[in-house]
Amino acid sequence: MRAVRSNDQFEPKTKDAVIHFPEGLIGLAECKDFVLIEDPNLAPFRLLKCVDSTQIAFLVLQPTTVIANFYEYVPLREWESIGIGPTKESAFVIVMIGPTPETSTGNFQAPLLVNYEKLIGKQLILTDAALSRRHPLV
Amino acid sequence: MLVVTRKKDEKLIIGNEIEIQVLRIGRDNVRLGIKAPAHISIYRYEIYEAIKSENLNAVASQIPDKETLDKISKSMKAE
């Protein structure tokens, strides 16, 4: 059994800006405001933490670390819907860490897009691209 | 649940901006056209449910230790 850490130990520093997801995440509409926590102990992953509930947090990863041209799979209208153009740094996927690297996956079918300037984000579903909800990370 | 009967080519409007039109009626299915503002997401219900359940599964109350994350990170290679 591998050691685990509580997500409580990763608290947002005051400078971490709150990113507003107007529609929440899919199936979690009650949680609309998140901080994206960067920490050397998590890198290259980050923790997307709901500010309204200490219970809700997700490990996320920039999808381009796994699929280099990932942002090309996201239709232009989706980028435009949050007021940005296609950028690597603005896309994230939610990951699930398995017992081994080989069993760790990311939800590449439902990425998150973030506009850092306006501090808004959204989760979308890519219905045209053949991307898996459980795409292996390695 | 509101239930309405519509014929082919007839429409519904939801709020001021969302229009749904019956485009074709087949034996086992209907084809609908939906007009909505760009910020409204429209998905087939099954796919929405699948992503919802994936999101709920991925809620990370426990974060793997640094070694576990490092091991994954080292094996990750952009295709």
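To be clear, the structure that these remarks concern was listed above.
Structure report, in brief. (Residues numbered from 1 in each chain as written. Chains lettered and ligands numbered in written order. Predicted model: local features only at pLDDT ≥ 70, side-chain atom pairs only at ≥ 80, totals over all residues.)

If you tally the helices and strands in chain A, you get 1 helix and 10 strands. Going from N to C terminus, chain A has its helices and strands arranged as β-β-β-β-β-α-β-β-β-β-β. Its C-alpha radius of gyration of 14 Å places chain A within 12% of the 14 Å reference for a compact globule of 138 residues. Judged by the C-alpha coordinates and their principal axes, chain A covers about 40 × 35 × 25 Å. (Helix = DSSP H or I, 4+ residues; strand = E, 2+ residues; numbered from the N terminus. Rg over C-alpha atoms; globule rule 2.2 N^0.38 Å.)

To continue, consider the pairing of strand S6 (residues 91-96) of chain A. Residues and elements named next belong to chain A. For S6, the tally of buried residues reaches 5 of 6 residues, placing the bulk of the element in the interior. As paired elements, strand S5 (residues 57-61) and S6 share 2 bridges and run antiparallel to each other. The partner of Val60 across the bridge, within S6, is Ile94. Pairing geometry for S6 and strand S7 (residues 105-106), over 2 bridges, is antiparallel. Bridge pairing in S7 places Val95 opposite Gly106. (Buried ≥ 20, exposed ≤ 12 C-beta atoms within 10 Å, placed from the backbone. Pairing = 2+ DSSP bridges.)

A:Pro44 follows A:Ala43 through a cis peptide bond whose omega is 5°. Mapped onto the secondary structure, A:Pro44 falls in the loop between strand S3 (33-37) and strand S4 (46-50). Even without being glycine, A:Leu119 reaches a positive phi, approximately 55°. In this fold, A:Leu119 is placed in the loop between strand S8 (112-115) and strand S9 (120-123). For B:Asp9, which is not a glycine, the phi torsion comes out positive at approximately 75°. Relative to the assigned elements, B:Asp9 resides in the segment before strand S1 (11-14).

What follows deals with the sheet that holds strand S2 (residues 18-25) of chain B. All names here are of chain B. Taken in spatial order, the 3 strands of this open sheet run S1-S2-S3, and their pairing is antiparallel. Taken across any chain shown, the strands that pair with only one partner, and hence form the sheet edges, are S1 and strand S3 (30-35). This sheet shows a mean twist of 25° between the axes of neighbouring strands, independent of strand direction. Both S2 and S3 contribute to a ladder of 6 bridges, which runs antiparallel. The residue bridging Gln21 from the neighbouring strand is Gly33, located in S3. (Axes fitted to C-alpha atoms, helices over the stretch in contact; angles between N-to-C directions.)

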